[in-house]
Amino acid sequence: MNSGDTAFMLIATALVMFMTPGLALFYGGLVRSKNVLSTIMQSFICLGLISLIWVFYGYSLAFGPDVGGFIGNLDFALLRGVGLQPGPYSDTIPDLLFVAFQMMFAIITPALITGAFAERMKFTAYILFALLWSTLVYMPVCHWVWGGGWIGGHGALDFAGGTVIHI
């Protein structure tokens, strides 16, 4: 392991995490005053909800061993086998840090979508949407590009998330 790489990734993980509250404040400033709290909560709920999903099965579906180029299997469910040693995706940082870094992108992605329906969706409906969208859209696309799936197999490189996060 490399202490410099680990420190850099810890800082990068924190910076990506801070994007979610920043996005909440940004979207809160775009809506009418009666909807500010709801809009902010839509972003903040992602921090908890997607974190739980990511630990339970999300990381495994996105970065687990490939199943037909489409999705990962559940070998890493509940972060089984993920520890402080370098993992399959990096030789110089702890595997758990890679999980946390990728989790931050899984969190911000459904939060970004809230701007498309600001003031037009109930909070409970948003929770269901975030759960389903993360599971059925984000995790497969993440696997396709970053987790060893078919898009990555064709040589696609996505360093900044333009494919996984913004599509």
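Everything discussed here concerns the structure shown above.
Because the structure is a prediction, the values reported are computed rather than measured.

### A look at the overall build of the protein chain
Of the regular secondary structure elements, the protein chain holds five helices and two strands. Starting at the N terminus and ending at the C terminus, the protein chain contains elements arranged as α-α-β-β-α-α-α. Whereas a compact globule of 167 residues would reach a radius of gyration of roughly 15 Å, the protein chain reaches 16 Å, a difference of no more than 12%. Within the span of the protein chain, comprising 167 residues, buried residues form 48% of the whole. Residue pairs at least 24 apart in sequence account for 59% of intrachain contacts in the protein chain once pairs closer than 6 positions are excluded.

### So, the environment of phenylalanine 76
Within the fold, phenylalanine 76 resides in the loop between strand S2 (71-72) and helix H3 (95-113). Given the relative accessible area of 16%, phenylalanine 76 is considered buried. Measuring from C-alpha to C-alpha, the distance between phenylalanine 76 and threonine 92 comes to 20 Å, with 16 residues separating the pair along the chain. With residues up to four places along the chain from it excluded, the contact list for phenylalanine 76 reads Tyr59, Ser60, Phe63, Gly64, Pro65 and Val82.

Calculation criteria
Residue numbering note: each chain is counted from 1, following its sequence as written. Local features in this predicted model are restricted to residues whose pLDDT is 70 or higher, and side-chain atom pairs enter the listing and the counts only when it is 80 or higher, whereas totals over whole chains, interfaces and linings include all residues. To obtain the side-chain values, all non-hydrogen atoms of the structure were used and water was disregarded. Comment: elements are numbered from the N terminus, with helices defined as DSSP H or I runs of at least four residues and strands as E runs of at least two. Only the C-alpha atoms count toward the radius of gyration. The rule for a globule is 2.2 Å times the residue count to the power 0.38. Partly exposed describes any residue whose relative accessible area lies between the buried limit of under 20% and the exposed limit of over 50%, with all areas from a 1.4 Å probe on protein chains only and scaled to the type maximum. A contact between two residues is defined here by any heavy atoms of the two lying within 4.5 Å.

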